[in-house]
Amino acid sequence: MPEGHTIHRLARDLAADLLDRPVVASVRQARFADGARRLDGRVLTGTDAHGKHLFLQFDSGDVLYVHLGLIGAFRRHLLPAPEPSPNLRLRLEGDATAWDLTGPMVCELRDPDVVDHVAASLGPDPLRRGADPQRFVDAVRRSRKPIGALLLDQSVIAGIGNVYRAELLHLAGIDPNRPGTSVTEDEARTLWRLAGEQLRLGLKRNRIVTVPLDGRRLTSIRREDSWHVYKQERCRSCGDQVALRPVGNRTSYACATCQPA
DNA sequence: CGATTATGATTAA
DNA sequence: TAATCCTAATCGC
């Protein structure tokens, strides 16, 4: 479930559980055995998130660089933690909790400069203080690529994935296929604002829910009812058929009525 | 129990 | 454009 909100939430939650005390690091897969050995008994000194990239800093000077990719997960367990999955890449165990990492696209011990290197490759991240919206606006309006592809391009805006792409464009009333050059300054600014609002909500809730709650409890909303157009047959705003088609290598969901061409 | 799918991204052809 | 990597939940039989 990793879009930018998930990664920022992990940075926060991992720090809350594991900071400033030695961790117990273990693995089941052989591929990260050396890494776990190096982390075992070290102290987590800080965490950081840039877009979908997660960084854990240790007192050894090592930075654990994690990217969850499509199927990666970092799951929290109360101690005593259950038997881990055979696919466990890394378990970080603190005083009261264990965090199990499975299926990450990237899990590496790196020098601290990896943070700046990765950050330099990314567009502005709406969840980071000091992010420059104009960088996003200009990158969009300079490109002929469809806005639906630009929102997934991490060098244009960091942290947006396929759910937020569909939902932000729907909230903004913008057709995913419109070229960036046709997006007005106002529209681009609106997309940035909505991205910040929705990512912050997602961070707070640890879940993507873009539909209005209207007084309902979050827990009463089923997953499949959480969005306006993403994975919907009909638009949750107007009831019209949702059009599916690939934009920028991923399935794009849009309502032709709410998001006219 | 096998097939399918997924909120990601890079590399090869 | 296609193939590839990585895991787990879900669905149909």
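Just above, that's the structure.
Quick look at the structure, then. Computed from a predicted structure; not experimentally measured. (Residues numbered from 1 in each chain as written. Chains lettered and ligands numbered in written order. Predicted model: local features only at pLDDT ≥ 70, side-chain atom pairs only at ≥ 80, totals over all residues. Heavy atoms only, no water.)

What follows covers the protein's contact with DNA strand C. In the vicinity of DNA strand C, the contacting residues are Gln-29, Arg-31, Ile-71, Arg-75, Ser-85, Asn-87, Arg-89, Thr-102 and Gly-103. Each atom of DNA strand C within 4 Å of the protein was classed as base or backbone; sugar and phosphate made up 66%. Contact distances for DNA strand C include 2.3 Å between a phosphate oxygen and a side-chain N or O atom of Gln-29. Contacts to DNA strand C include Arg-31, whose side-chain N or O atom sits 2.9 Å from a phosphate oxygen. (Near = heavy atom within 4 Å. Polar contact = N/O pair within 3.5 Å; in protein donor to acceptor, adjacent residues only side chain to side chain.)

What follows deals with the protein's contact with DNA strand B. Lining the immediate surroundings of DNA strand B are 18 residues, of which Lys-52, Gly-161, Tyr-230, Lys-231 and Arg-250 lie closest. A breakdown of the atoms of DNA strand B within 4 Å of the protein gives sugar and phosphate a share of 67%. Between DNA strand B and Glu-3 there is a distance of 3.1 Å, counted from a sugar or linking oxygen to a side-chain nitrogen or oxygen. Between DNA strand B and the protein, one listed contact pairs a base oxygen with a side-chain N or O atom of Arg-223 at 3.3 Å. Its residues placed into classes, the surface near DNA strand B shows 8 nonpolar, 5 polar and 5 charged. (Nonpolar A, V, L, I, M, F, W, Y, C, P; charged D, E, K, R; others polar.)

Our focus in this paragraph is the nonpolar core. Counting 33 residues, the largest nonpolar core has Phe-136, Ile-147, Ile-157 and Ile-160 as the members making the most contacts within it. Taken together, the elements giving at least two residues each to this core come down to helix 4 (133-142), helix 5 (147-152), helix 6 (162-172), helix 7 (185-205) and strand 10 (250-255). By residue number, the principal contributor to this core is helix 7, which donates 7 residues. Once you skip the residues sitting within four places of it in the chain, Ile-160 turns out to touch Glu-3, Lys-52, Leu-151, Leu-152, Gln-154, Arg-165, Leu-168, Ala-195 and Leu-199. Within the second largest apolar cluster, 25 residues are counted, among which are Ala-36, Ala-49, Leu-54 and Phe-74. (Core = buried A, V, L, I, M, F, W, Y, C linked by side-chain atoms within 4.5 Å. Buried < 20%, exposed > 50% of the residue type's maximum accessible area, 1.4 Å probe, protein only. Helix = DSSP H or I, 4+ residues; strand = E, 2+ residues; numbered from the N terminus. Contact = heavy atoms within 4.5 Å.)

Attention now goes to the pairing of strand 9 (residues 242-247). In this sheet, strand 10 lies alongside strand 9 in antiparallel orientation, the contact comprising 6 bridges. Looking at the pairing, Arg-245 lines up with Ser-252 of strand 10. Counted between consecutive antiparallel strands, the loop separating strand 9 from strand 10 contains 2 residues, among which Gly-248 sits at a positive phi close to 60°. (Pairing = 2+ DSSP bridges.)

Read from one edge of the open sheet, 4 strands run 2-3-4-8, paired in antiparallel fashion. Two strands in the sheet have a free side with no partner beyond their single neighbour: strand 2 (44-50) and strand 8 (106-110). The average undirected angle you get between the axes of adjacent strands in this sheet is 15°. Where strand 2 lies against strand 3 (residues 53-58), 6 bridges are found, and the strand directions are antiparallel. Residue pairing in the sheet places Leu-44 in a bridge with Phe-58 of strand 3. Across the sheet, helix 1 (residues 4-18) lies against strand 2 and strand 3, angled at about 170° from strand 2, the strand it touches most. Each of strand 2, strand 3, strand 4 (63-67) and strand 8 touches helix 3 (residues 114-121); the most contacted strand, strand 3, lies at about 165° to it. (Axes fitted to C-alpha atoms, helices over the stretch in contact; angles between N-to-C directions.)

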